[in-house]
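Below, each chain spelled out in residue letters.
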Amino acid sequence: MNESTQPHSQEAAVAPPDDHTAEHVAAHVRKYIMVGVTLLTFTAITVALSYVNFGTMKANVAVAMLVATFKAGLVAAIFMHLSAEKRLIYRILIFTGFFVLGLFWLIYLAWYNPIVR
Amino acid sequence: MDAITHLDPHAAHDPHHEHEHHELGFVRRWIFSSDHKVIGIQYGVTGLVFLFFGFSLMMLMRWQLAYPGQALPVIGNALGKFFGPGSMPDGKMTPEFYNSLGAMHGTIMIFLGIVPVAFAAFGNFVVPLQIGAPDMTFPKINAASFWAFFVGGVIMLVSFFVPGGAAKGGWTSYTPLAVISEQGPGYHPVLNGQTLWLIGFIFLITSSLLGAVNFITTIIQLRAPGLTWMRLPFFVWAQFVTAFLLLLAFPPLEAAVIMQLMDRVAATSFFMPAGLVVNGSPLHISGGGSPLLWQHLFWFLGHPEVYVLILPGMGIVAEVIANNSRKPLWGYKSLVFAALVLGFLSFIVWAHHMWLTGMGTTVSAFFQTTTLIISIPSVIILSAFFISLWGASIRFTVPMLFATAFLPMFGIGGLTGIPLAFNSADLFLHDTYYVIAHFHYIVAPGTIFALFAGIYYWFPKATGRTMNMFWGKVHFWPSLICMNVIFLPMFLQGMLGMHRRWYDGGQGWNIANEHVWGLTGFQWNTPISIAAWCMGLAQIPFIINFFYSILWGKRVANDNPWEATTLEWTAPSPPGHGNFIKAPVAYRGPYEYSLPRRGKDFTMQNEPIEASERKTARPTPDPVVIA
Amino acid sequence: MEIPYTVIARRDTGLWNAKIGIWLFLASEVMLFGGLFSAYVFLRLDAAPGDWPHGLLNVPVGTMNTAILIASSVTVVLAWAALKMRQFARYKIYMGITILCGVIFLVVKLAYEWPQKFEHFGAFIKDDALEKYEPYLGNKHLLAKGLPPRKEITGHLHNKEALSDPNVKEYEIALDPVNADPANSVNDRPHFFYVPPTDKIGTVEKADVKYANMFIPKHSPYFASYFTITGLHGLHVLAGVLVFIYFWLPVGANMYKRNPEHLANRVEVAGLFWHFVDLVWIFVFPLFYLL
């Protein structure tokens with residue numbers, strides 16, 4: 001057998017077995033409902049927190065974004081199965097995350113550092 | 001499907017129908033096809049038509065620049081009637097029409113010409129064949145991508161014929177001008193040039209996104225067994241990076257286009273600051289928007305777009321050079337990594353298009369640095385191509401002529417970009433003909449020459465016939481000469497201060513007094529225009545050759561007429577539905593030319609490694625002999 | 001001709017085609033909404049103090065819509081799980097609930113929230129006239145408490161013809177509580193429950209107004225970005241609902257009979273899109289409703 005006919009020596013080893021078999025899925029159902037409840041709770045929390053004065057508007061925005069990021073993280077990790085996804089997907093998302101942060105950061109920078117205003 | 005089979009009277013005579021598993025009618029086979037090859041050809045032909053159309057707009061503009069205010073002879077009156085009142089009354093071009101032509105020339109050449117041909121056409125036709133795949137992963141989405149592009153193109157064309165004519169805000173559609181133009185009395189609220197430009201753009205962006213998703217998935221998933229990443233032809237790598245650029249850079253522009261559409265249709269002020277006065281009366285908008293925001297979002301696409309234009313061209317040139325120099329491509333890995341770095345960096349250089357907008361020094365310094373860094377991978381790629389030619393016994397076929405011409409042309413274009421990267425130098429050169437010459441050297445004699453190389457090179461695979469090589473040379477030499485006569489003087493004009501948007505070509509400005517080589521900067525317009533029209537004539541041999549060869553060109557003797565190594569040449573010419581008769585397996589790298597101890601000078605990727613090669617796992621290259 | 005790896009994963013990547021495809025598409029969606037949100041950030045930072053409105057949206061309704069969307073996210077993942085466990089009847093139920101949630105979300109948005117905004121009116125006062133409208137704005141009170149100033153008077157417009165008729169010289173506004181009683185500390189921060197405009201009519205001269213309009217996109221960059229982002233988000237919800245209906249109809253059942261795994265994969269992919277739509281809303285909700 002020629003080793004060249006083997007597709008992909010480097011990545012074949014890292015592909016874990018698919019954990020989305022029927023038994024695994026059944027075990028996850030409870031988790032999905034728990035996450036849903038957590039999300040609803042945090043929705044209530046973020047509404048409540050918006051009526052608390054953290055001193056400045058910026059602080060309130062920061063708190064709300066922190067909660068939103070946590071919620072979004074839960075959705076992404078559990079509902080979208082990102083907590084156990086293949087490496088390829090992570091790579092795509094890391095790139096995307098980098099560029100979207102770059103977009104935000106540089107546009108913020110351009111606002112922050114003008115010659116004229 | 002059955003219902004439309006009778007529409008195809010030629011089906012019975014088609015020699016390739018025997019290969020089909022099931023017969024498709026003419027409409028399903030050639031119009032609403034989901035076969036990647038047909039879609040590639042559709043993209044290619046549509047894109048070439050748009051390229052020629054966009055070039056024709058420029059030939060019209062060149063008349064106005066060379067002979068400002070004079071009536072265009074012979075066709076002037078007819079064109080004036082064709083494009084409606086306000087375009088060319090009595091054959092004399094109005095300033096508004098000139099602006100329309102400029103804006104649409106840029107838009108059509110980039111988004112309806114080069115991207116569809118370089119990325120979508122070649123990518124669709126060649127990539128699945130080169131990776132040994134039966135088709136794209138999502139054939140229907142692929143067809144949807146083409147039709148979205150087609151609709152977008154039609155909308156762009158229709159915009160010429162609405163009251164007021166096509167968009168006039170330049171291909172960049174800078175606000176606030178783009179938002180306030182073509183509005184008010186005499187204009188339809190939606191069916192006006194700029195609004196149709198925006199709507200057409202949404203279709204074009206959607207098309208590119210669908211295409212990009214498809215390309216990336218195909219390259220990841222459908223590579224033939226044994227075709228590892230480092231065995232992919234460089235063209236596939238180039239398309240892979242290009243697809244990522246389109247995927248991630250286009251959406252922010254889509255967001256911006258939607259916002260500008262809201263500004264125009266719903267009178268919002270995303271990009272409109274307060275206190276604007278138009279025609280003497282204050283604009284009734286809420287204000288609070290920012291024109292800079294549009295520029296940021298536009299150039300967030302706009303700069304990666306430059307690499308979308310050039311990377312597929314580089315990929316084609318790599319294939320053609322390797323094939324015709326009969327040598328392995330020099331520095332394959334550095335080429336691949338250079339392309340990846342290029343793609344990565346292209347996302348963080350965008351604001352170098354905005355030196356004159358009032359950004360602060362910190363931002364400018366950041367973008368100036370990244371801009372200079374990005375020249376490194378470009379130079380690596382160009383150097384690798386040049387070194388590949390060193391010591392080769394080059395076959396100067398027509399594709400190779402175009403590919404070798406690409407190298408110095410791209411070099412000139414790239415090197416003249418460096419002064420523009422420094423914001424101090426750019427203050428002087430910004431928006432002059434110097435900039436025009438710079439980016440046209442990259443895109444016109446650069447990418448378009450690469451596209452011609454690709455067309456001549458893969459034509460036998462697509463049709464089973466070769467294009468006539470004599471007429472190919474008749475196409476090539478005048479094109480090369482005209483390109484340089486057009487664009488070299490523009491550097492001088494630009495350095496004299498000629499602004500790129502002057503309707504009268506600079507005759508009323510200081511530039512009319514500055515002499516270079518006996519001509520004023522303004523007088524250079526005439527030779528440039530003549531060269532541009534000659535360039536148009538030089539395309540006639542190509543057009544005739546192209547269609548003649550489809551029907552009556554010389555049949556290829558075998559499936560691999562160029563004696564190439566990559567997998568597409570193992571498929572029949574033209575490949576049937578499903579591409580390969582036997583699914584290919586790759587055993588080796590993409591450019592195994594002139595392997596030692598072999599009877600022929602090329603070894604295809606699907607030829608198994610022989611026992612004699614095993615002893616020297618990596619064949620040592622022959623020493624370079626400098627003759 | 002068969003395209004490989006439509007249902008079964010390719011060994012080296014461990015993924016089937018559509019999974020990669022949808023994630024790439026979502027990556028582009030991240031950039032799309034990233035572009036919109038970065039525009040929001042830019043415009044909001046650029047706005048002068050008092051120019052960016054607060055508390056104009058209906059928070060309880062927004063909260064309810066958030067809850068609906070989260071619930072639908074749970075049910076869609078349960079529908080997928082039911083398919084994986086080959087329980088088609090449960091799949092139909094969960095998918096039905098998901099579709100229902102999506103439809104409710106859209107109806108609330110289009111039939112209740114947006115029209116309610118279209119009936120509301122706001123007038124931004126010129127800087128040199130702020131003093132004149134102090135009884136409606138209460139800026140001395142806000143200044144004393146260290147809060148940003150108010151520059152807008154909102155409520156229901158009584159004389160609607162004022163918007164189009166240049167001969168009408170003033171706006172008559174049934175004032176919102178915040179402008180009816182501006183110095184009351186109760187009104188310092190937005191209310192949780194929607195409080196309708198009071199009976200108190202305020203008169204604002206057009207000459208003193210910088211810009212006035214109903215709460216439609218051109219009212220301000222705030223409402224422009226609100227309507228654009230929620231509109232685009234709504235289109236995504238609509239697209240998701242349509243796809244789900246397609247899988248819920250007999251098409252889905254036929255696909256299930258042919259190859260249940262194929263339907264499960266397609267529902268998973270559609271579900272990923274749906275979760276992303278939910279995820280965007282998680283950011284939209286606090287940014288527009290709460291802050």
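Quantities reported herein were computed from a predicted structural model and do not represent experimental measurements.

Section: the overall build of chain C
Okay, so step 1: In terms of regular secondary structure, chain C is built from nine helices and five strands.
Okay, so step 2: Of the regular secondary structure in chain C, the N- to C-terminal order runs α-α-α-β-α-α-β-β-α-β-β-α-α-α.
Okay, so step 3: Here the C-alpha atoms of chain C give a radius of gyration of 24 Å, more than 25% beyond the 19 Å that 2.2 N^0.38 yields for 291 residues.
Okay, so step 4: In chain C, which comprises 291 residues, the proportion classed as buried is 51%.
Okay, so step 5: A separation of at least 24 residues holds for 72% of the contacts in chain C among residues at least 6 apart in sequence.

Quick look at the overall build of chain B
Okay, so step 1: The helix and strand inventory of chain B stands at 19 helices and six strands.
Okay, so step 2: For a compact globule of 627 residues, the expected C-alpha radius of gyration is about 25 Å, and chain B comes in at 25 Å, within 12% of that figure.
Okay, so step 3: C-alpha atoms of chain B, sized along the principal axes, occupy 85 × 65 × 50 Å.
Okay, so step 4: For chain B, the residues scored as buried account for 56% of the 627 residues in total.
Okay, so step 5: Sequence separation of 24 or more characterises 78% of the internal contacts of chain B that already satisfy a separation of 6 or more.

Notes on the packing of helix α3 (residues 57–79) of chain A against helix α9 (residues 260–290) of chain C
Between two packed helices, both the angle of their axes relative to each other and the distance between the axes serve to describe the pair.
Okay, so step 1: The geometry of α3 of chain A relative to α9 of chain C is characterised by a closest axis approach of 9 Å and an angle of 170° between their N-to-C directions. Of the possible angle classes, the one that applies to α3 of chain A and α9 of chain C is roughly antiparallel. Here α3 of chain A contributes Ala64, Ala68, Lys71, Ala72, Val75, Ala76 and Phe79 of chain A to the contact with α9 of chain C, which in turn contributes His275, Asp278, Leu279, Ile282, Phe283, Pro286 and Leu290 of chain C.
Okay, so step 2: Its residues assigned to classes, the contact of α3 of chain A with α9 of chain C comprises 11 nonpolar, one polar and two charged.

A few points about the interface of chain C and chain A
Okay, so step 1: Of the residues lining the interface, 44 residues belong to chain C; the matching set on chain A comes to 46 residues.
Okay, so step 2: Among the elements of the structure, α1 (17–46), α2 (59–84) and α9 of chain C are those that each provide at least two residues to the side of chain C that touches chain A.
Okay, so step 3: Here the side of chain C that touches chain A takes 13 residues from α1 of chain C, the largest share from any one element.

Notes on the environment of Lys126 of chain C
Residue and element names in this part refer to chain C.
Okay, so step 1: Position of Lys126 relative to the elements: it lies in the loop between β1 (120–125) and α4 (134–137).
Okay, so step 2: The class of Lys126 is partly exposed, set by 14 C-beta atoms lying within 10 Å.
Okay, so step 3: In this structure, the C-alpha to C-alpha distance between Lys126 and Tyr222, residues 96 residues apart in sequence, is 18 Å.

A word on helix α3 (residues 88–118) of chain C
Residues and elements named next belong to chain C.
Okay, so step 1: For α3, built from 31 residues, the straight-helix expectation of 45 Å at 1.5 Å per residue is met to within 8% by its first-to-last C-alpha distance of 44 Å.
Okay, so step 2: The principal kink in α3, of about 35°, is found at Lys109.
Okay, so step 3: Restricting attention to buried positions, one finds in α3 the residues Tyr91, Tyr94, Met95, Thr98, Ile99, Cys101, Gly102 and Phe105.
Okay, so step 4: Looking at the packing, one finds that the buried side of α3 touches α2 and α7 (221–248).

Some points on the confidence of the model for chain B
Okay, so step 1: The predicted model of chain B has a mean per-residue pLDDT of 90, with 94% of residues at 70 or higher.
Okay, so step 2: Between residues 1–21 of chain B, whose pLDDT stays under 50, and residues either more than four places distant or in other chains, the model counts 23 contacts.

Section: the confidence of the model for chain C
Residue and element names in this part refer to chain C.
Okay, so step 1: Per-residue confidence for chain C averages 92 on the pLDDT scale, and 100% of its residues sit at or above 70.
Okay, so step 2: Mean pLDDT across the secondary structure elements of chain C bottoms out at helix α5 (residues 139–145), with 89, and peaks at α7, with 96.
Okay, so step 3: Confidence estimates for the predicted assembly give a pTM of 0.92 and an ipTM of 0.94.

Digging into the interface of chain B and chain A
Okay, so step 1: The interface is formed by 21 residues belonging to chain B together with 17 residues belonging to chain A.
Okay, so step 2: Among the secondary structure elements, those contributing two or more residues to the side of chain B that touches chain A are α9 (234–265), α10 (291–325) and α12 (361–389) of chain B.
Okay, so step 3: Broken down by element, the residue count for the side of chain B that touches chain A peaks at three residues, all from α10 of chain B.
Okay, so step 4: Looking at the side of chain B that touches chain A residue by residue, the classes come out as 15 nonpolar, six polar and no charged.

Some details on the nonpolar core
What tends to happen in soluble globular proteins is that the nonpolar side chains get buried as a cluster.
Okay, so step 1: In this structure, Ile216, Leu247, Val317, Phe402 and Ala453 of chain B are the most contacted members of the largest nonpolar core, which totals 294 residues.
Okay, so step 2: Residue contributions to this core peak at 23 residues, all from α9 of chain B.
Okay, so step 3: Apart from the residues lying within four places of it in its own chain, the contact partners of Phe402 of chain B are Phe449, Phe452, Ala453, Tyr456 and Phe476 of chain B.
Okay, so step 4: With 17 residues, the next largest nonpolar core counts Ile125, Leu137, Ile173 and Ala212 of chain C among its residues.

Considerations on unusual backbone geometry
Residues and elements named next belong to chain B.
Okay, so step 1: Between Thr175 and Pro176 the backbone carries a cis peptide bond, its omega angle lying at 0°.
Okay, so step 2: One can find Pro176 in the loop between α6 (139–158) and α7 (177–180).
Okay, so step 3: Put simply, Ser573 and Pro574 share a cis peptide bond, and its omega is -10°.
Okay, so step 4: In the Ramachandran plot, Val74 falls in the positive-phi region, its phi being about 60° despite a non-glycine side chain.

A look at the pairing of β1 of chain C
Across a regular strand the side chains alternate sides, sitting on one face of the sheet and then on the other.
All names here are of chain C.
Okay, so step 1: Most of β1 is tucked away: five of the six residues are buried.
Okay, so step 2: Looking at chain direction, β1 and strand β2 (residues 152–157) are connected through five bridges and run antiparallel. For Phe121, the partnering residue across the bridge sits in β2 and is Gly155.

Side note on the sheet that holds β2 of chain C
All names here are of chain C.
Okay, so step 1: Spatially, β4-β3-β2-β1-β5 is the arrangement adopted by the five strands of the open sheet, whose pairing is antiparallel. Single-partner strands in this sheet number two, and they are β4 (201–205) and β5 (209–214). Recorded for the sheet is a direction-independent mean angle of 35° between the axes of neighbouring strands.
Okay, so step 2: Both strand β3 (residues 170–175) and β4 contribute to a ladder of five bridges, which runs antiparallel.

What about the environment of Tyr43 of chain B?
Residue and element names in this part refer to chain B.
Okay, so step 1: With respect to the helices and strands, the residue Tyr43 is situated in helix α3 (residues 36–66).
Okay, so step 2: For the pair Tyr43 and Trp147, spaced 104 residues apart in sequence, the C-alpha separation works out to 9.6 Å.
Okay, so step 3: Discounting residues that sit within four places of it in the chain, Tyr43 has contacts with Pro116, Val117, Ala120, Ala121, Asn124 and Phe146.

Some details on the packing of helix α5 (residues 95–130) of chain B against helix α8 (residues 193–221) of chain B
All names here are of chain B.
Okay, so step 1: In the contact formed by α5 and α8, the axes pass within 11 Å of each other and the chain directions differ by 20°. Here α8 runs roughly parallel to α5, going by the angle between their axes. Helix-helix and strand crossings are classified by hand; for α5 and α8 the assignment is left-handed. Residues Ser100, Thr107, Phe111, Val115, Ala120, Gly123, Val127 and Pro128 of α5 lie in contact with α8, whose contacting residues are Gly193, Trp197, Leu204, Ser208, Gly211, Phe215, Thr218 and Ile219.

Structural notes on α10 of chain B
Residues and elements named next belong to chain B.
Okay, so step 1: Here α10 spans 50 Å end to end across 35 residues, near enough to the 51 Å set by a 1.5 Å rise per residue.
Okay, so step 2: Of all the bends in α10, the greatest measures close to 30° and is centred on Trp299.
Okay, so step 3: One or two positions beyond α10, positive phi appears at Arg326, with a value near 55°.

Considering the environment of Leu356 of chain B
Okay, so step 1: In this fold, Leu356 of chain B is placed in the loop between α11 (332–345) and α12.
Okay, so step 2: Each C-alpha atom, one on Leu356 of chain B and one on Ser56 of chain B, is 31 Å from the other, the two residues being 300 residues apart in sequence.

What counts, and where the lines are drawn
- Residues numbered from 1 in each chain as written.
- Chains lettered and ligands numbered in written order.
- Predicted model: local features only at pLDDT ≥ 70, side-chain atom pairs only at ≥ 80, totals over all residues.
- Helix = DSSP H or I, 4+ residues; strand = E, 2+ residues; numbered from the N terminus.
- Rg over C-alpha atoms; globule rule 2.2 N^0.38 Å.
- Buried ≥ 20, exposed ≤ 12 C-beta atoms within 10 Å, placed from the backbone.
- Contact = placed C-beta atoms within 7 Å.
- Axes fitted to C-alpha atoms, helices over the stretch in contact; angles between N-to-C directions.
- Parallel < 35°, antiparallel > 145°, perpendicular 65-115°, else oblique.
- Nonpolar A, V, L, I, M, F, W, Y, C, P; charged D, E, K, R; others polar.
- Expected span 1.5 Å × (residues − 1).
- Bend = angle between axes of the 7 residues up to and from the residue.
- pLDDT = per-residue confidence, 0-100.
- Core = buried A, V, L, I, M, F, W, Y, C linked by C-beta atoms within 7 Å.
- Pairing = 2+ DSSP bridges.
- Left-handed = near helix turned anticlockwise from the far one by under 90°.

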